[in-house]
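Commentary on secondary and tertiary structure
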Amino acid sequence: MLFAGAAGLYLAVRPEHLPAWDAIQMALGLDAFDMALHQPHPPGYLAPMAVAWVLHAMGLAADLAMQAQSILATALAAVAVFALGRRLGTPGEGVVAALLFAVHPVTLFYAVSGETYPAEALVAVLLVGAGLRVGPGVSPARLAAFFALVGLSGGVRQSLPLFFLPFVVWRLVAACRDGRGAARPLAVASASSLAGLVVWLVPLVWLAGGPGRLADLFGTQFFRLFGAHYSPLLGAPRAAVLHNLDVFWRFVVEGLSASGIVAAVLLAATRLRPLRGDGFGWVLAAWIAPAFLWFGLMFIYKSGHLLFLVPAVALASARAVARGVGSRPLSRAVAGAAVLAQAGLFLAPPEAWIRAVGGRSWPAIQHAETRTAETLQALRGLAPGHPDRVVVVTRDGRFDFRTAMFYLPEMRVLWTLDRESTGANRPGAEVCEARARRVRCASGAGFWTGEAWPDEAEVRLDPEVRFLAWFWDPSGRFREEARRVVPVRDVPAGRITTLEVTDLDRVPGSVFRVGPYRFVRGGPGVPDGEGRR
């Protein structure tokens, strides 16, 4: 019943189009797995991809398959939170924790996103539940099952075993305290975790093109690209480190949401009494603290990175309300109010909350869906029946390269990469283009890989092209320069959308420059034999 209710709720708020860049990359990977071109991006997310691939093979379109796997994982996570809450406390606490998790704004937002964060939340709850069954005298089968799950969890995201390492060590030490020595538990744990690791790592190495290629992709994504930009451990500038910490604390508050704030007040008022006595506080610490260290010292990009901690917040909130409020009727009233407040933050968040904390909400989903639908319709309307006459040029605008190339496979879509458009500390310029959902880049490499980019990149436009549709930062220098160099007209595209379009028939000559890009009319795009398909 809980599963059906949660799944029904998520289906009710599901947008028609995938709302996220990463989810589209994963959808592309269902038909053409290529981590170098971020289909999907590193680290590969093999377990959620496998679930989506099965759904895709059963007939679901790639984008629907990705949404289905995230909805399925979130609904299962709600059931798992109930089971863990009941085991750690009472059935009533399990119900409240499951409801607080199911209607949490971050949960609802990512449940329909098609991303892998819900799978992380599910695996985190399963890991904690299985780990708490490991203790002195544990059977080899139960010990093997837990450590196999630890190894398998890396197939969802490789950071999960790292984040839960203190918890895993704690449970292994507990298993060794049975008076019969540590040799057998250590052997079972090692063999089982290695078996779980091999299940996903061997296929991932093969799909990536070998261990060296996989290591390079990991290093580029996590250390040279993001880590070097935001982490004090990797020499990031002070301003970038402070920016990451500013984003982090906002995501933490968003993860706490209404119930977490209520729980924090109750726990402070009761001097943490609800967390004492049965090890619950230690479970929470082992669950939360390692991730906080990572995100604070390395980087965090989206609030979804904290979704695997939302079950811990829900469990702590349910316990704080049940044991920190005097009477049962009052605790039920407070729990009900917390659930309603949490749902309210998703359905109609106050403007001050959005500005200060974040906008993971139903209005945000609706707005993104409306903007995407209006933009797609307007682009197709520029040259009805002649998609070859339109080239979509994307940078860092709200309508991005992945959305355009996935939902407009009939058009040529360009992504212009440079320091301004990506924010990456990398000089030069690169152009990647997509046609029929296949991507190739002028450098001949994948995204962010290969040799240094040239100082200038050339964009060749076929003779039949009549319109360039620009998507850029409205306050960026590139837009300002482009509007000085070529005529750009505003094309109303619906209630909230306006296209910015250049009519090439009004551009004198066959060559014009904008920023580090040289646009040449009358020739093919990326020359044959160049680029990567």
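The residue count restarts for each chain, going from 1 along the sequence in the order it is written. In view of the model being predicted, local features appear only for residues whose pLDDT reaches at least 70, and side-chain atom pairs are presented and counted only at 80 or more, with totals across whole chains, interfaces and linings using the full set of residues. As a rule here, side-chain values come from all non-hydrogen atoms in the structure, and water together with hydrogens is ignored.

**Digging into helix α3 (residues 46-57)**
- Secondary structure elements follow DSSP: runs of H or I of four or more residues count as helices, runs of E of two or more count as strands, with numbering from the N terminus. A helix's residues, less one, multiplied by 1.5 Å, set its expected span. The end-to-end C-alpha distance of α3, which contains twelve residues, comes to 16 Å, matching closely the 16 Å that a straight helix rising 1.5 Å per residue would cover.
- Every buried residue belonging to α3 is among Leu46, Pro48, Met49, Ala52, Leu55 and His56, and all of these are buried.
- Any pair of residues with heavy atoms lying within 4.5 Å of one another is described as a contacting pair. Each element contacted by the buried residues of α3 is listed here: α2 (21-31), α4 (62-88), α7 (117-131) and α11 (183-208). A simple rule labels every residue: compare its accessible area, found with a 1.4 Å probe on the protein chains alone, to the largest value its type can have, and call it buried under 20%, exposed over 50%, or partly exposed in between.

**A short note on the sheet that holds strand β3 (residues 430-435)**
- Strand order in the open sheet formed by seven strands is β4-β3-β2-β1-β6-β8-β7, with mixed pairing between adjacent strands. Edge strands, defined here as strands with exactly one partner in the open sheet, are β4 (438-441) and β7 (489-492). Here the average twist between neighbouring strands, direction ignored, is 30°.
- Pairing geometry for β7 and strand β8 (residues 498-503), over four bridges, is antiparallel. Bridge pairing links Val491 to Leu499 in β8. Should DSSP find at least two bridges between two strands, the strands are taken to pair. Axis definition: a line fitted to C-alpha atoms, limited for helices to the stretch in contact. Angles are taken between N-to-C directions and run from 0 to 180 degrees.

**Some details on the sheet that holds strand β5 (residues 457-461)**
- The three strands are arranged β5-β10-β9 in an open sheet whose pairing can be described as mixed. Only two strands of the sheet have a single neighbouring strand rather than two, namely β5 and β9 (511-514). The mean inter-strand angle of the sheet, taken between neighbouring strand axes irrespective of direction, is 20°.
- Across the sheet, helix α21 (residues 477-485) lies against β9 and β10 (517-521), angled at about 155° from β9, the strand it touches most.

**A look at the state of the cysteines**
- The disulfide criterion used throughout: a pair of cysteine sulfur atoms within 2.5 Å. Applying the stated rule across the entire model yields one disulfide.
- A sulfur-sulfur separation of 2.0 Å characterises the disulfide bridge that pairs Cys432 with Cys441. A torsion of 100° about the S-S bond marks the disulfide between Cys432 and Cys441 as right-handed.
- For Cys432, a relative accessible area of 1% corresponds to the buried category.
- Look at Cys441 and you get buried, because its relative accessible area is 0%.

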